[in-house]
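Take a look at the letters that make up each chain.
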Amino acid sequence: MDYVHQILDKRPLVHCITNIVTVNDCANALLAVGASPTMAHHPEEMEEIQKGCDALVCNLGATENYDAMGLAAKWAEKSKHPVVIDPVGCGGSAFRRQFFRTLLTLCKPACIRGNYAEITALAEDMSTVTGVDAGSFRQKSCEDIE
């Protein structure tokens, strides 16, 4: 069975803790593929929400929700739910890179979804750009990456 049919059969509930810029897009993308989104952000509801979900997405651009992400990640790990970490802005923020490392102590992510600058910043623990874009890294082709 292919992934599309698996999603359509299961209709998973995905808990997204994401920044305000992407909430609507994330919800609509999940609905478009047959999943259901929930956008809970308060630390007091993380255990109950995560226990009822099938997966967790943590967008590190939502810096005001790091406490909730940490709690949700613990519950996702305990429930054996896949966790996706989106390291938004880690290329320009040591604060975000530190929280990424904290998340890795709380769960084993199924996926780290980032652009070249973000992944490089995480791998090398250094600032690669300002903001969330790949900056000069965007110019590189796959052949340029070792």
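Data block above holds the structure.
Report follows, based on the coordinates.

The rules behind these values
- Residues numbered from 1 in each chain as written.
- Predicted model: local features only at pLDDT ≥ 70, side-chain atom pairs only at ≥ 80, totals over all residues.
- Heavy atoms only, no water.
- Salt bridge = Lys/Arg side-chain N within 4 Å of Asp/Glu carboxyl O.
- Helix = DSSP H or I, 4+ residues; strand = E, 2+ residues; numbered from the N terminus.
- Buried < 20%, exposed > 50% of the residue type's maximum accessible area, 1.4 Å probe, protein only.
- Phe/Tyr/Trp six-rings, centres within 6.5 Å; stacked < 30°, edge-to-face > 60°.
- 1 Å grid on protein atoms, 1.4 Å probe; cavity = no way out; pocket = protein on both sides within 12 Å on 5 of 7 lines; lining within 4 Å.
- Points joined across faces, edges and corners; volume = space filled by probe spheres on them.
- Nonpolar A, V, L, I, M, F, W, Y, C, P; charged D, E, K, R; others polar.
- Pairing = 2+ DSSP bridges.
- Contact = heavy atoms within 4.5 Å.
- Axes fitted to C-alpha atoms, helices over the stretch in contact; angles between N-to-C directions.
- Core = buried A, V, L, I, M, F, W, Y, C linked by side-chain atoms within 4.5 Å.
- Patch = residues over 30% accessible without salt bridge, like charges linked within 9 Å, V, L, I, M, F, W, Y side chains within 5 Å.
- Areas by Shrake-Rupley, 256 points an atom, 1.4 Å probe, with all protein chains shown as cover.

All chains considered together, the criterion is met by six salt bridges. Close ionic contact of Arg 97 with Asp 125 constitutes a salt bridge, the shortest N to O distance being 3.4 Å. Taken as a pair, Arg 97 in helix α5 (residues 94-106) and Asp 125 in the segment after α6 (116-124) lie far apart in primary sequence, 28 residues in all. Put simply, Asp 125 and Arg 101 hold a salt bridge, and the shortest N to O gap is 2.9 Å. Residue Asp 125 is found in the segment after α6, and its partner Arg 101 is found in helix α5; the two are separated by 24 residues along the sequence.

To continue, consider the side chain of Ser 93. The residue Ser 93 is located in the loop between β4 (83-86) and α5 in this model. Overall, the relative accessible area of 15% leaves Ser 93 in the buried class.

Moving on, we get to the packing of aromatic side chains. By the definition in use, this model includes two aromatic pairs. On the basis of an interplanar angle of 10 degrees and a centroid distance of 3.8 Å, the ring pair of Tyr 66 and Phe 99 is categorised as stacked. Placement of Tyr 66 in helix α4 (residues 66-79) and of Phe 99 in helix α5 is noted, with a sequence separation of 33 residues between them. Taken as a pair, Tyr 66 and Phe 99 share a single burial class, namely buried. Among the aromatic residues, those joined into a ring-pair cluster are Tyr 66, Phe 95 and Phe 99.

Left-over empty space is what a probe sized like a water molecule reveals as it rolls over the atoms. Quantified by volume, the largest pocket comes out at close to 240 Å³. Surrounding the largest pocket, 14 residues form its lining, Ile 7, Pro 12, Val 14, Ala 55 and Pro 82 being those nearest its centre. Broken down by element, the residue count for the lining of the largest pocket peaks at three residues, all from strand β3 (residues 55-59). In terms of residue class, the lining of the largest pocket is made up of 13 nonpolar, no polar and one charged.

Before going further, it helps to examine the sheet that holds strand β2 (residues 36-38). Read across the sheet, five strands follow the order β2-β1-β3-β4-β5 without closing on themselves; strand pairing throughout is parallel. The open sheet terminates on both sides in strands that have one partner only, identified here as β2 and β5 (111-112). Sitting on the sheet, helix α2 (residues 23-32) is in contact with β1 (13-17) and β2, with an inclination near 155 degrees to β2.

On to the nonpolar core. A general feature of soluble globular proteins is that nonpolar side chains tend to end up buried together. Formed by 21 residues in total, the largest nonpolar core has its most connected members in Ile 17, Leu 56, Leu 60, Met 69 and Leu 103. At the level of secondary structure, the elements contributing two or more residues to this core comprise β3, α4, β4 and α5. Ranked by residues supplied to this core, first place goes to α4 with six residues. The residues touching Ile 17, leaving out its near neighbours within four places in the chain, are Ala 40, His 41, Met 46, Leu 56, Val 57, Cys 58, Asn 59, Asn 65, Ala 68, Met 69 and Ala 72. One finds Val 14, Leu 30, Ala 55 and Val 84 within the second-largest nonpolar core, a separate group that totals seven residues.

For the rest of this paragraph, the subject is a nonpolar patch on the surface. Together, Leu 104, Ile 112 and Ile 119 make up an exposed nonpolar region whose accessible area comes to about 220 Å². Tracing the backbone shows Ile 119 in helix α6.

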